[in-house]
Amino acid sequence: GESVGLHLPTLSVQEGDNSIINCAYSNSASDYFIWYKQESGKGPQFIIDIRSNMDKRQGQRVTVLLNKTVKHLSLQIAATQPGDSAVYFCAENIRDDKIIFGKGTRLHILP
Amino acid sequence: KAGVTQTPRYLIKTRGQQVTLSCSPISGHRSVSWYQQTPGQGLQFLFEYFSETQRNKGNFPGRFSGRQFSNSRSEMNVSTLELGDSALYLCASSFAGPSYEQYFGPGTRLTVT
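Let me sum up the structure you'll find in this document. Because the structure is a prediction, the values reported are computed rather than measured. (Residues numbered from 1 in each chain as written. Chains lettered and ligands numbered in written order. Predicted model: local features only at pLDDT ≥ 70, side-chain atom pairs only at ≥ 80, totals over all residues. Heavy atoms only, no water.)

The subject of this paragraph is the interface of chain B and chain A. The interface of chain B with chain A comprises 21 residues on the first partner and 17 residues on the second. Here chain B packs against chain A, burying approximately 1,600 Å² in sum over the two surfaces, 48% of which is carbon and sulfur. Where chain B touches chain A, the interface holds 0 salt bridges. Linking chain B with chain A are 5 residue pairs in polar contact (both at pLDDT 80 or more), by the criterion used here. Secondary-structure elements contributing two or more residues to the side of chain B that touches chain A are strand E4 (31-38), strand E5 (42-50), strand E6 (53-57) and strand E9 (87-94) of chain B. Residues of the side of chain B that touches chain A, tallied by class, amount to 9 nonpolar, 8 polar and 4 charged. (Contact = heavy atoms within 4.5 Å. Buried area = accessible area lost by both parts, 1.4 Å probe. Salt bridge = Lys/Arg side-chain N within 4 Å of Asp/Glu carboxyl O. Polar contact = N/O pair within 3.5 Å; in protein donor to acceptor, adjacent residues only side chain to side chain. Helix = DSSP H or I, 4+ residues; strand = E, 2+ residues; numbered from the N terminus. Nonpolar A, V, L, I, M, F, W, Y, C, P; charged D, E, K, R; others polar.)

Given below as structure tokens:
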């Protein structure tokens, strides 16, 4: 079926360490992938996106990796800070511009 | 520039009633998408409007409807409310559609009693 899921519902990371959030997708026809961050009481905030013709894209402190062979997407956050605490969603653009969201991973920053 | 705004922020309704939620996109954005977020189902796509036309619709019953005005503002309506409609309703705007960077509003928290 068409679904986007996450391997871990909660991830705890020491402040200053790198965080890696993983996501599996099932639709091989998806051509656009997005990571969102959602803080409590707010709407999702765009972090970074990647199109299917790429396998890596970097932003400020974030990197998204796309492995189309195993249908896997990951978000790497460098030098995790307390402000990175949030729920992170991966999303997949399937046919006809329908965005399917994963269930979300809560990132917990340990002092 | 101003972000996406949604009104009202909170709403309490009774089963059987109907509700209208409003979304004002970022200036210049012509695409507005609506999503429902619940703890059990997560974020689910409702529909997308572009230049006053519904281009896409998710798997929701016909009780959920929407429209977009010429100024790109959008409304969604839910008729005959059910308890299960309690959720955070989010709208997102983008320049040309969900295949481009979307900006979300803070959402409308709907509680159905």
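Before going further, it helps to spend a moment on the environment of Pro39(B). Residue and element names in this part refer to chain B. With respect to the helices, strands and loops of the structure, Pro39 is situated in the loop between E4 and E5. Accessibility expressed as a relative area gives 88% for Pro39, which makes it exposed. Put simply, Pro39 and Arg9 are 30 residues apart on the chain and 18 Å apart in space, counted from C-alpha to C-alpha. (Buried < 20%, exposed > 50% of the residue type's maximum accessible area, 1.4 Å probe, protein only.)

The next thing to look at is the pairing of strand E3 (residues 19-25) of chain A. Residue and element names in this part refer to chain A. Only one face of E3 is covered, namely the face carrying Ser19, Ile21, Cys23 and Tyr25; the face carrying Ile20, Asn22 and Ala24 is uncovered. Across 6 bridges, E3 lies against strand E8 (residues 72-77) in antiparallel orientation. Within E8, the position partnered with Cys23 by the bridge is Leu73. (Pairing = 2+ DSSP bridges.)

Just geometry here; none of it tells us what the structure is for.
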